[in-house]
Amino acid sequence: MEPYVPARHFPLEALPVPLVFATYRIIRDANTAFGALFGYEVEELRGQSFSMLYPSVADFVMVGDLWQANFSGGRSYTDERIMRRRDGTRFWCHVRGRSMVGADPFSEAIYCFDAMARPAHHGRSGLTDRQRQIVTLVAQGKTNGAIAAELGLSPRTVETHRYRLIRQLGFKNTAELVTWFTST
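Attention in this report is confined to the structure presented alongside it. (Residues numbered from 1 in each chain as written. Predicted model: local features only at pLDDT ≥ 70, side-chain atom pairs only at ≥ 80, totals over all residues. Heavy atoms only, no water.)

### Let's talk about the sheet that holds strand S3 (residues 76-84)
Sheet strands pair via backbone hydrogen bonds, and the direction of the pair is either parallel or antiparallel. Within the open sheet, the five strands sit side by side as S2-S1-S5-S4-S3. Their pairing is antiparallel. Looking at the sheet topology across the chains shown, the edges are occupied by strand S2 (26-30) and S3. This sheet shows a mean twist of 35° between the axes of neighbouring strands, independent of strand direction. As judged from the four bridges shared by strand S1 (residues 19-23) and S2, these two strands associate in the antiparallel manner. What sits directly across from Val20, in S2, is Ala30. Set on the sheet, helix H3 (residues 57-70) makes contact with S3, strand S4 (90-99) and strand S5 (109-115); between it and S3 the angle comes to about 175°. (Pairing = 2+ DSSP bridges. Helix = DSSP H or I, 4+ residues; strand = E, 2+ residues; numbered from the N terminus. Axes fitted to C-alpha atoms, helices over the stretch in contact; angles between N-to-C directions. Contact = heavy atoms within 4.5 Å.)

Written out as structure tokens, the structure is:
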């Protein structure tokens, strides 16, 4: 059997999903779908840091730390996070990325961004950065052990954060926490 050879190659621009190529978290190329998702022309994004698309520098650093820990070895990584459009509106985004250089994951990577229907209200603004991280991962269905491994914490610490979040917000269980998180 002969290997499959595509009849034609598709440049990044021709693909209908929001895609971006970056080196060390600097946007090197993106397609129109990516620019439109954030409210920019592609030319305005080239050479810019991804930090301009995050609600805060702290969010940019936090996500970078997560990806650095989980993105190495040429693997792919995925998460959900709040991003910021040009006009300042915030939205939830599902992001998938793949490192093209296993030993240095940020040196060359491609990312796909998908906007999510989940509202990004400021109702969660009373939460700390760590609480937002944990509730986001809980809402993705991850276990305490998986969250702990991803964040570099102990499972007991994650369990304590989860318990305190439920009590702080007046919920009875994790299901109520997740429902609140995905609907506010």
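### Quick notes on helix H4 (residues 129-139)
Along H4, the residues that are buried comprise Gln131, Gln133, Ile134, Val135, Thr136, Leu137 and Val138. Of the residues trailing H4, Gly141 is marked for its positive phi of about 85°. (Buried < 20%, exposed > 50% of the residue type's maximum accessible area, 1.4 Å probe, protein only.)

### Things to note about the packing of aromatic side chains
For the coordinates displayed, the defined rule picks out seven aromatic pairs. Here Tyr54 and Phe60 contribute two aromatic rings whose centre-to-centre distance is 5.5 Å and whose plane-to-plane angle is 70°, an arrangement assigned as edge-to-face. The same class applies to Tyr54 and to Phe60, which are both buried. Ring-pair connections join several aromatic residues into one group, and the members of that group are Phe34, Phe38, Phe50, Phe91, Tyr111 and Phe113. It is Arg85 that lies over the ring of Phe91; its NZ or CZ is 3.8 Å from the centre. (Phe/Tyr/Trp six-rings, centres within 6.5 Å; stacked < 30°, edge-to-face > 60°. Lys NZ or Arg CZ within 6 Å of the ring centre and 35° of its normal.)

### Details of the environment of Arg156
Residue placement: Arg156 occurs in helix H6 (residues 155-169). Judged by relative accessible area, which is 55%, Arg156 ranks as exposed. As a C-alpha pair, Arg156 and Asn144 span twelve residues in sequence and 7.8 Å in three-dimensional space.

### Concerning the nonpolar core
In this structure, Phe34, Phe38, Phe50, Leu53, Trp67, Tyr111 and Phe113 are the most contacted members of the largest nonpolar core, which totals 35 residues. Of all the elements, H3 adds the most residues to this core, at four residues. Contact partners of Leu53, with chain neighbours within four places excluded, come to Ile27, Phe34, Phe38, Tyr40, Leu45, Met83 and Arg84. Core analysis: the next-biggest nonpolar cluster, separate from the first, contains eight residues, Leu127, Val135, Ile166 and Leu177 among them. (Core = buried A, V, L, I, M, F, W, Y, C linked by side-chain atoms within 4.5 Å.)

### With respect to H3
In this model, H3 (14 residues) spans 20 Å end to end at C-alpha, consistent with the 20 Å of a helix rising 1.5 Å per residue. As for H3, its buried residues are in contact with S3, S4, S5, H4 and helix H5 (144-151). (Expected span 1.5 Å × (residues − 1).)

### So, the pattern of salt bridges
Counting across every chain of the model gives seven salt bridges. In this structure, a network of salt bridges that share partners links the residues Asp29, Glu43 and Arg46. (Salt bridge = Lys/Arg side-chain N within 4 Å of Asp/Glu carboxyl O.)

### Let's talk about the side chain of Ser99
In this fold, Ser99 is placed in strand S4. Judged by relative accessible area, Ser99 falls into the buried class, the value being 4%. At 2.9 Å, the side chain of Ser99 and the backbone oxygen of Val101 are in polar contact. (Polar contact = N/O pair within 3.5 Å; in protein donor to acceptor, adjacent residues only side chain to side chain.)

### Points about the state of the cysteines
Inspection of the entire model under this criterion finds zero disulfides. Cysteine Cys93 remains unbridged, with the sulfur of Cys112 as its closest cysteine sulfur at 8.5 Å. You can call Cys93 buried: its relative accessible area is 0%. Under the relative-accessibility criterion, Cys112 is labelled buried at 11%. (Disulfide = S-S within 2.5 Å.)

By themselves these figures say nothing about function.
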